Structures are given as structure tokens and as C-alpha cells.
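Here are the chains, one letter per residue:
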Amino acid sequence: MYSLSAPGERTGPRLPLEFGLLGPLVAHSEDRALDLGPPKRRVLLLRLLLERGHAIPLESLCDDLWTSRPPRGAVSSVHAHISRLRDALEPERPRRGKTSLLVREPMGYALRVPAEAQDAVRFEQALGRARRLLGEGRVGPARQEIDDALALWRGAALADAVDHPFAAQEIIRLEEARLLGRELRVTILVREGNLEEAMLSAEELTAGHPLREVTWELLMHALYLSGRPAEALQRYAKLRALLSEELGMDPGPRLRRLQTAILRQDDSWLHALGPPVPPAPPGA
């Protein structure tokens, strides 16, 4: 695995350059944090990183950095920020030496770094590995994988570009992936019998996302397996009231089957149903 937040504690190979998008933007070269400059330059770097090596026209960069209202001198400003970024990312490069990292092409500017240089990519890869390990019944390794993956998060995704439209869709996608990862972790905790921690984590998820049925299902599983069926049924009643009030609907079929199994204390049905495995993030 990789870690930008604690370079001395990583357990996997290091890339020459690594970028942290899961929080305020950071960049490391070996163990050294790079100075990425003022906010506009950081947003420019994020825009280039999100394009995954594809060139972005200069006009589009200006529109994205100034939200479609670039001032006079925007082109010169972008050129200057590009020059400073090259200095930060390739400090050993001769001042006017050729660059293979932040390049200018006929179509515009492109940042050529491996996809795995981004912590967001490594997070989603680790999430996929955790799901596969759990599917293979390797609960302990799955727990380690998901814990390492979630530890990559240092704050809100793409925090420096939260007010820029170009980042909106990716922010939503990454935050959903993070939530699915947290739900997967609860599933793993239930599977390994760590019910107290599973209950605490599921309670936190239901508080933050009260209309997500999968989090309530996880909580009900953990409560029942902890010998607290009455509390599990209370949570079902609370969700049913919430869904009725907010959406005018009843809980879905899995939750209804789970409620029936708890009412009947039908352990065989409960074990057959099992705690839900959240779906893979879109695009994973």
C-alpha cells in the first residue's frame, strides 16, 4: 500500500512523484513535500491530474480556472503557473531543459504521470482488492486492505477545487466511493465477528446518511448478532418512519426479509441473507 500522510510508514513501492487528492492537494517526491504554490496553481495542477495524461486546450484551462470568466492576462497567468509547476515537480531539470512530465502539445498542456501516482486511484484499486478478498473468504486480509484504503483519506475529495465546476462530478464520485468503502468495512467487521466496532461504525453511517438502507441493514445485523434483537427491530421501525416521511415509501425487500427473520429469530435465514456487500463504485 501507499501513504502520502505518513511517508515513513508505507509498506509498498514508492513512485518518483505522488499526489494526494483525497483532501487538500499534496505532492511528494520521495519523502519530500513539494511546494505547490498559491491556490490558483493548485487548482491548475488538479485540473491536469484529473485528465489522466490527456492534453487540455489552453482556452479550456483558462475557463476552468476562472469558472468561464477568465480575466485579461489569463493566458499569461496560466503560462506562468505552468512554468512554476515544472520547477516544483522537476527541480533537477535545467531551467530551459526539455520536460517529459508537464508537456505542451498541439492540443494543449498535459501532465504525464502514472495513474497510480494519485491516491484516489490507489484507493479505488485497494477497494476492489478488499471486495475480492472478502468474496474469497479471506476476511483478515480484506480488513487490512480496507483499513489501509480508508487511511488514504485526509479530508474532502479535491478540497482545493470544491468551488470549481470541472471538479464537481469527480468529487461526487470519489465521496460515494469513500462511503461504499466505509460500508464495506462494516460488512467485513460483521463477518469477522467484531460486532461492537461494527455497531459503532454503522451507527455513525446511519446518522450521516439516514436514508441509505444498506447502512441500516448492516446495523440491524450487528445488533441481532450481538444478542440485541429488540434494538434491531427498533432501528427498522425508525428507518420505516424516515422513509415514509421523507420519500413516501417503505423499506426494500432485503430489509423486510431481515425484519421477518429477526421477528422469527430464524438464524438460518439470517445467515443465508448475510450482511450486505456494498456494490463496487461506478467505474471501478
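Residues numbered from 1 in each chain as written. Predicted model: local features only at pLDDT ≥ 70, side-chain atom pairs only at ≥ 80, totals over all residues. Heavy atoms only, no water.

J.: When you look at a nonpolar patch on the surface in this model, what are you seeing that I'm missing?
T.: On the surface, L211, L247 and M249 cluster together into a nonpolar patch covering about 250 Å² of accessible area. Along the chain, the position of L211 falls in the loop between α7 (195-208) and α8 (213-225). On the basis of relative accessible area, L211 is assigned to the partly exposed category, the value being 35%. (Patch = residues over 30% accessible without salt bridge, like charges linked within 9 Å, V, L, I, M, F, W, Y side chains within 5 Å. Areas by Shrake-Rupley, 256 points an atom, 1.4 Å probe, with all protein chains shown as cover. Salt bridge = Lys/Arg side-chain N within 4 Å of Asp/Glu carboxyl O. Helix = DSSP H or I, 4+ residues; strand = E, 2+ residues; numbered from the N terminus. Buried < 20%, exposed > 50% of the residue type's maximum accessible area, 1.4 Å probe, protein only.)

J.: Please clarify how the nonpolar core should be interpreted in this entry.
T.: In summary, soluble globular proteins display a tendency toward joint burial of nonpolar side chains. Counting residues in each nonpolar core, the largest one holds 55 residues, and the members touching the most others are F19, L45, L111 and F123. Elements that contribute at least two residues to this core include exactly α1 (39-50), α2 (58-65), α3 (74-89), β5 (108-111), α4 (119-135), α5 (139-150) and α6 (165-191). Setting aside anything within four residues of it in sequence, one finds F123 in contact with L22, A149, L150, L152, W153, A177 and R178. Core analysis: the next-biggest nonpolar cluster, separate from the first, contains 26 residues, L189, A222, Y224 and L239 among them. (Core = buried A, V, L, I, M, F, W, Y, C linked by side-chain atoms within 4.5 Å. Contact = heavy atoms within 4.5 Å.)

J.: Looking at this structure, how should I read the sheet that holds strand β1 (residues 18-20)?
T.: By definition, the strands of a sheet pair up through backbone hydrogen bonds, in either a parallel or an antiparallel sense. Reading across the sheet, the three strands line up as β1-β2-β3 and stay open at both edges, with antiparallel pairing between neighbours. The outermost strands of the open sheet, each flanked by one partner alone, are β1 and β3 (32-33). Where strand β2 (residues 26-29) lies against β3, two bridges are found, and the strand directions are antiparallel. Within β3, the residue paired with S29 across the bridge is R32. (Pairing = 2+ DSSP bridges.)

J.: Even after reading the chapter, I still don't get the pattern of salt bridges, so can you show me in this structure?
T.: Pairing is possible between side chains that carry opposite charge, provided their charged atoms lie close to one another. In total, this model carries 21 salt bridges according to the counting rule given. Its salt-bridge partner being R129, residue E145 comes within 3.1 Å of it at the nearest N-O pair. In this pair, E145 is assigned in helix α5 and R129 in helix α4, connecting sequence segments 16 residues apart. A salt bridge links E183 to R212; the shortest N-O distance between them is 2.8 Å. Here E183, found in helix α6, pairs with R212, found in the loop between α7 and α8; they are 29 residues apart in sequence, far enough to count as distant.

J.: Help me understand the packing of α1 against α3, please; the structure alone is not making it clear to me.
T.: For any two helices packed against each other, the geometry comes down to the angle between their axes and how far apart the axes lie. Contact geometry for α1 and α3: axes closest at 10 Å, N-to-C directions at 80 degrees. Classified by the angle their axes make, α1 and α3 are roughly perpendicular. From α1, K40, R41, L44, L45 and L48 reach across to α3, where they touch V78, H81, I82, R84, L85 and L89. Among the residues forming the contact of α1 with α3, the class breakdown is seven nonpolar, one polar and three charged. (Axes fitted to C-alpha atoms, helices over the stretch in contact; angles between N-to-C directions. Parallel < 35°, antiparallel > 145°, perpendicular 65-115°, else oblique. Nonpolar A, V, L, I, M, F, W, Y, C, P; charged D, E, K, R; others polar.)

J.: Just to check I follow, could you spell out the packing of aromatic side chains for this structure?
T.: The way to describe two aromatic rings as a pair is by their centre distance and the angle between their planes. As enumerated under the stated definition, the model contains one aromatic pair in all. Aromatic pair F123 and W153: ring centres 5.6 Å apart, planes at 85 degrees, arrangement edge-to-face. Of this pair, F123 sits in helix α4 while W153 sits in the loop between α5 and α6, placing them 30 residues apart in sequence. In this structure W153 comes out as buried when scored by relative accessible area, which is 8%. (Phe/Tyr/Trp six-rings, centres within 6.5 Å; stacked < 30°, edge-to-face > 60°.)

J.: Honestly, α7 in this entry has me stumped. Any pointers?
T.: Each full turn of the α-helix corresponds to 3.6 residues, which orients residues three or four apart in the same direction. For α7, built from 14 residues, the straight-helix expectation of 20 Å at 1.5 Å per residue is met to within 8% by its first-to-last C-alpha distance of 20 Å. As for α7, its buried residues are in contact with α6 and α8. (Expected span 1.5 Å × (residues − 1).)

J.: How do you make sense of unusual backbone geometry when you look at a structure like this?
T.: Excluding glycine, most residues fall at negative phi; most peptide bonds, likewise, are trans. The phi dihedral of R52 falls on the positive side, at around 50 degrees, and the residue is not glycine. Residue placement: R52 occurs in the loop between α1 and α2.

J.: Please explain the environment of I262 as it appears in this structure.
T.: Structurally, I262 can be placed in helix α10 (residues 253-264). Classification of I262 by relative accessible area gives buried; the value is 2%. Sequence separation of I262 and A232 is 30 residues, and the distance between their C-alpha atoms is 8.0 Å. Residue contacts for I262: discarding those within four places in its chain leaves M220, Y224, P229, A232, L233 and L270.

J.: Looking at this structure, I do not really get the confidence of the model for the protein chain. What am I missing?
T.: For residues with low pLDDT, the predicted coordinates do not support detailed interpretation. Per-residue confidence for the protein chain gives a mean pLDDT of 90; residues scoring 70 or more make up 92%. Contacts for the low-pLDDT stretch residues 1-11, under 50 throughout, to residues beyond four places or in other chains number 28 contacts. (pLDDT = per-residue confidence, 0-100.)

J.: Honestly, the pairing of β5 in this entry has me stumped. Any pointers?
T.: In summary, the side chains of a regular strand alternate between the two faces of the sheet. The pairing of strand β4 (residues 102-105) with β5 spans four bridges and is antiparallel. Note that in β5 the partner of E105 across the bridge is G108. What sits between β4 and β5 in their antiparallel hairpin is a turn of two residues.

J.: What am I meant to see in α4 here?
T.: With 17 residues, α4 should reach 24 Å at 1.5 Å per residue; the first-to-last C-alpha distance of 24 Å fits that figure. Among the residues of α4, those classed as buried are D119, A120, V121, R122, F123, E124, A126, L127, A130, L133 and L134. For α4, the elements touching its buried residues are β1, α5 and α6.

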